[in-house]
Structures are given as structure tokens and as C-alpha cells.
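A closer look at the structure
Here is what each chain is made of, one letter per residue.
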Amino acid sequence: MPSKYRNFRNNVPWLILFLEAVFIVLFFFSTGDASSSSISYPVFQDVNHMVIFGFGFFLTFLKRYGFSSTGFNLLIIVLGVQCSVLIEGLLAFLLQSENEDGLKRITKATVSMTAVAISTGAVLGKTNPMQLILMTVVEIMFFRMSRWINNMFLQVPDNISLMHVHLFGAYFSLAVSSRFSEPSPSSKKNASTSKSDLFSMLGTLFLWVFWPSFNSVLVVDNKTKAICNTYFALAVSAVTAFMLSVLTTKDGKFRMTHIHSAVLAGGITVTYTAHSIEYPWIAMILGLLSSVIAVLGSYCLERCLTPALKIHDTSGVHFTFGLPAVLGALAHVVLLVIRDWTNSPRLGYLVMIRIGAFCLTISVALVAGFITG
């Protein structure tokens, strides 16, 4: 925690107790069928491992915040999942829609918490637990609001709008981070060690292994296709990351910082299209392009964009998650045009709807992030 935070005992326990009491009371009045589910427990377990273990260790690269990253990640995930499930139930009640089964609600809530886990990476080492908890609650509310707008007015399928977590989490965190000062270059808080980098790479491996389950968990049709396309995209992005790491360093050696930020890019890029890509080579091309964007983006953003906008992105979520997600959004639109070029008389309308959905997600994320920051 930041050294200026003196009132940990006087604030955080009571905030957690208040939130948990509210959640218990609201769950008392909520309803949900937990007897059967369209989602199997092993698939849910993969997503849960990814969010808890993967992101928990992914954020351990700062030597002074190793315990904070894993511990606070668990705290905000379990609080955020409860909050997200309650928001889903409240919307189902207000809109008079069918209530989903219990395991599916928890799975969707866990997927939604990916946005918060990504956002935590941008403000790690600059926020205290009180701020992280409040950021979690606010971000979950705004993310659900953007999903509701996409579903209700733009007719975006629920499984696609939920996959906007990478876009929302990255740009929400950048907006929040703009309100915090950048640590001085001589500060030890922003340093890492070989041990912290090793644990962070362990988290990256967890995320890499479970990402196919993440991309296919809510897919009804073509689930196997989504798994295969995600795996090939991840494989090519990992290979490309090693190649570019050698080519972009002066001594011609691997840099784990490059690999840490680029091996996941392929899975993020095909998030929207994994279930609809017909041929694996398309997913492989997207994996290659996403890795190139992640590695080269780290150079451009850190040297050009970041000093100009005065935004300090602690773990580089912009080029690790944001830019690959933007590439995935463009790929989603391009593949839609190619697939329905001669079949759909409303192709232009469909393209504008898809572009509008992505722009809406980014806009809500930025506005909500500035307010939260």
C-alpha cells in the first residue's frame, strides 16, 4: 500500500463489512435456479483459475507490491462477483426477463471481473485498498450499463458484449490512471526484481493456458471452433513475441517484458471472432498482427504517447490489452463485411452498429474512468 495511507484499520474493514452486509440482504431477496446449468463446472473452473491465479500472479512484477497484487486481486474479485451477480438479478427483475441459472450468473460475473483485474494493473502501487474496492464497484456498474445499452439499443448479442471486457478495462484504467501522479524515476516502488518478474511470468502462463476456455465459455454453437482458433492465435502470438524480442533489443537477447506483454495478444484479438472464424490461418494471422502491435506499441506508447498525455500505465495494459482488443474489434467488422458481402442488404447498417458498439464501450469506459479517478 502507499505509505501515505494511515487509516487502513479505521476504514477498510468497515467498508468491507458494509458491502458484505448489503450483499447478504440483497441475496436474501434474490432468486435463481442453481439445480442445473448450461455451463459445466470444469469450464467455470478454468475461468475462475484464470481470473484468480492468472491475474493475481500477472500483477506481481513490482517488488514492493507482490503480496498486495495477489491479495487485493482476490479481495476485489470476490467482492466484484457478488456485486455483478446482484446487478444481473436486479436488471432481470426490472426488465421482467428470464432469470439465468446460478452457475451461468457466476460465470458471467467472473468474466466481467476481468475488466477490473485489467484496470488494477494500470494503478498498481498508486492506490490503496479503499480506492480499489470503490473502483471495483463503480467499474462493474458502468460496464454493466454499457453492456445493457449495447444489448438493448444496438442489438449486440450478450456473449459478444460481455467480451468487451478488455476494451472497457484497458481504457477505463487509463482514464483513472490519468488522475494519479507518475512515480519519480528514482522511486523504488516502480522497480522489479528477477523473482517478481518470474512470478509475473507464471501468471502469464496461467492466463495463456486458460484463455481458450475464456473465449468459448459463453459460446453456444461452434464451441470447439472457438477453442481451436483461440489456441492457434495464442500460439502464433507467443512465437512472434519471442521473435520480435530478439529483433528489437540491442544485444539480441530475449526480454521477458516483451514476452510478458505480447503472448496473450492473440487470444485477446480473436475474442469477438473465435467462434466465427472458418479457417485457422485467419486466427493465426490475427495472432501475429496482435503480437506485433503489442511489442511495437510498448515502444511507441512509452516514448511518445505517455509523456505527452502524462499517463502512467504501471503494467502497460494499453498495449497488452487495449491495442489488441482494438485490433480484434476491427477484425470483427472486416470479417463481417467479407462474410456478408453479397448476402445481406443491410450490410452497411450492421457494420455501423458493430463500430458504434465498440465506440460506445470505449466512450463509457473513458468517461466513467475520469469520474472514478
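Under the annotation held in an unreviewed UniProt entry, the protein carries the name RHL protein and is attributed to Grus americana. UniProt lists a comment for the protein under the heading Subcellular location (unreviewed entry), and it reads "Membrane". Per UniProt, the protein has the following entry under Sequence similarities (unreviewed entry): "Belongs to the ammonium transporter (TC 2.A.49) family. Rh subfamily."

Below, the discussion takes up the overall build of the protein. Each helix and strand in the protein was counted, giving 14 helices and zero strands. Helices and strands appear in the protein in the N-to-C order α-α-α-α-α-α-α-α-α-α-α-α-α-α. Computed over C-alpha atoms, the radius of gyration of the protein comes to 20 Å, within 12% of the 21 Å expected from 2.2 N^0.38 for 373 residues, which places it in the range of a compact globule. For the protein, the C-alpha atoms occupy an extent of roughly 60 × 55 × 35 Å along the three principal directions. Burial status across the protein gives 51% buried among its 373 residues. Pairs at least 24 apart in sequence give 80% of the contacts found in the protein among residues at least 6 apart. Summing over all exposed atoms, the protein offers an accessible surface of approximately 17,500 Å²; the carbon and sulfur share of this is 68%.

All right, on to helix H3 (residues 66-94) then. Because each turn of an α-helix spans 3.6 residues, side chains separated by three or four positions end up pointing in the same direction. The first and last C-alpha atoms of H3 sit 42 Å apart over 29 residues, in line with the 42 Å expected at 1.5 Å per residue. Immediately downstream of H3, the backbone of Gln96 shows phi near 55 degrees, a positive value.

Turning our attention to the UniProt feature "transmembrane region" (unreviewed entry) in the protein. Under the feature "transmembrane region" (unreviewed entry), the UniProt entry names residues 12-31, 43-62, 74-94, 198-218, 230-247, 281-301, 321-341 and 347-371. For residues 74-94, helix accounts for 100% and strand for 0%, while the C-alpha atoms at its two ends are 30 Å apart. Secondary structure content for residues 321-341 is 90% helix and 0% strand, and the end C-alpha separation is 30 Å.

The subject of this paragraph is the nonpolar core. Judged by nonpolar contacts, the single largest core of 90 residues is most densely connected at Trp211, Phe214, Leu264 and Phe321. Take this core: its biggest share by element is ten residues, from H3. Among the nonpolar cores identified, the runner-up in size contains eleven residues, and Ile277, Ala283, Leu286 and Ala331 belong to it.

On the surface, Tyr231, Phe232, Tyr279, Trp281, Met284, Ile285, Leu288 and Leu289 cluster together into a nonpolar patch covering about 790 Å² of accessible area. Of the residues forming the nonpolar patch, the biggest block, five residues, is contributed by helix H12 (residues 280-309). Of note, Ile285 is situated in helix H12.

With that settled, consider the packing of helix H2 (residues 41-58) against helix H8 (residues 194-216). As a packed pair, H2 and H8 sit with axes 7 Å apart at the nearest point and diverge in direction by 155 degrees. By the angle class used here, H2 and H8 are roughly antiparallel. The two elements H2 and H8 meet at a crossing, and its hand is left-handed. On the side of H2, the interface is formed by Asp46, Val47, His49, Met50, Phe53, Gly54, Phe55, Phe57 and Phe58, while H8 contributes Phe199, Ser200, Leu202, Gly203, Thr204, Phe206, Leu207, Phe210, Trp211, Ser213 and Phe214. Of the residues belonging to the contact of H2 with H8, the class tally is 13 nonpolar, six polar and one charged.

This brings us to the packing of aromatic side chains. Counted by the stated rule, this structure contains 17 aromatic pairs. Considering the side-chain rings of Trp211 and Phe214, the 5.6 Å spacing of their centres and the 50 degrees angle between planes classify their relative orientation as tilted. Of the two residues, Trp211 and Phe214 both sit in helix H8, three residues apart, roughly one turn of that helix. Here Trp211 matches Phe214 in class, with each residue buried. Clustering of aromatic rings is evident, with ring pairs tying together Phe53, Phe206 and Phe210.

Moving on, we get to the environment of Val111. If you trace the backbone, Val111 turns up in helix H4 (residues 102-123). Distance from Val111 to Asn48, taken between C-alpha atoms, is 8.4 Å for residues 63 residues apart in sequence. When neighbours within four sequence positions are excluded, Val111 is seen to be in contact with Val47, Leu162, Met163, Val165, Phe214 and Val217.

With respect to the helices, strands and loops of the structure, His166 is situated in helix H7 (residues 165-177). When its relative accessible area of 0% is taken as the criterion, His166 is described as buried. Beyond its immediate stretch of four places on either side in the chain, His166 contacts Thr114, Ile118, Trp211, Phe214, Ile268, Thr271, Phe321 and Ala325.

Time to look at the confidence of the model for the protein. Looking at the protein as a whole, its pLDDT mean stands at 88, while 93% of the residues score no less than 70. Ranking the helices and strands of the protein by mean pLDDT puts helix H11 (residues 265-269) first, with 96, and helix H10 (residues 256-262) last, with 83.

About the thresholds
- Residue numbers run consecutively from 1 along every chain, following the written order of its sequence.
- Only residues with pLDDT of 70 or above have their local features reported here, since the model is predicted, and side-chain atom pairs are shown and tallied only from 80 upward, although totals for entire chains, interfaces and linings are computed over all residues.
- The basis for every side-chain value is the complete set of heavy atoms in the structure, and neither hydrogens nor water enter the calculation.
- UniProt positions are given in the numbering used here, feature names are shortened, and annotations may be inferred rather than shown by experiment.
- The way it works is that DSSP assigns letters per residue, a run of H or I at least four long becomes a helix, a run of E at least two long becomes a strand, and they are numbered from the N terminus.
- Atoms considered for the radius of gyration are the C-alpha atoms alone. The globule rule reads 2.2 Å times the number of residues to the power 0.38.
- Residue burial is assigned from relative accessible area. The probe radius is 1.4 Å, only protein chains are included, and a residue is buried under 20% of its type maximum, exposed over 50%, and partly exposed in between.
- In what follows, residue pairs with any heavy atoms lying within 4.5 Å of each other are defined as contacts.
- Accessible surface is estimated by sampling points in the Shrake-Rupley manner with a 1.4 Å probe; for residues, cover comes only from the protein chains shown.
- Take the number of residues in a helix, subtract one, and multiply by 1.5 Å to get its expected span.
- In this description, a nonpolar core means a group of buried Ala, Val, Leu, Ile, Met, Phe, Trp, Tyr and Cys residues linked to one another through side-chain atoms lying within 4.5 Å.
- Think of a patch as exposed residues, more than 30% relative accessible area, with no salt bridge, where like charges cluster within 9 Å and nonpolar side chains (Val, Leu, Ile, Met, Phe, Trp, Tyr) cluster within 5 Å.
- Throughout this description, the term salt bridge denotes a Lys or Arg side-chain nitrogen within 4 Å of a carboxyl oxygen of Asp or Glu.
- Whenever a helix is involved, its axis is fitted only over the stretch in contact; in every case the axis is a line through C-alpha atoms, and angles between N-to-C directions fall within 0 to 180 degrees.
- Should an angle lie under 35 degrees it is considered roughly parallel, over 145 roughly antiparallel, and from 65 to 115 roughly perpendicular; all remaining angles are considered oblique.
- Each helix crossing is assigned a hand: it is left-handed if the near helix lies turned anticlockwise from the far helix by less than a right angle, otherwise right-handed if that turn is clockwise.
- Here the term charged refers only to Asp, Glu, Lys and Arg, the term nonpolar to Ala, Val, Leu, Ile, Met, Phe, Trp, Tyr, Cys and Pro, and the term polar to all other amino acids, Gly among them.
- In summary, the pairing rule links any two rings of Phe, Tyr or Trp, Trp by its six-membered ring, whose centres are within 6.5 Å, and it sorts them by plane angle into stacked for under 30 degrees, edge-to-face for over 60 and tilted for everything else.
- Scored from 0 to 100, pLDDT reflects the predictor's confidence in each residue.

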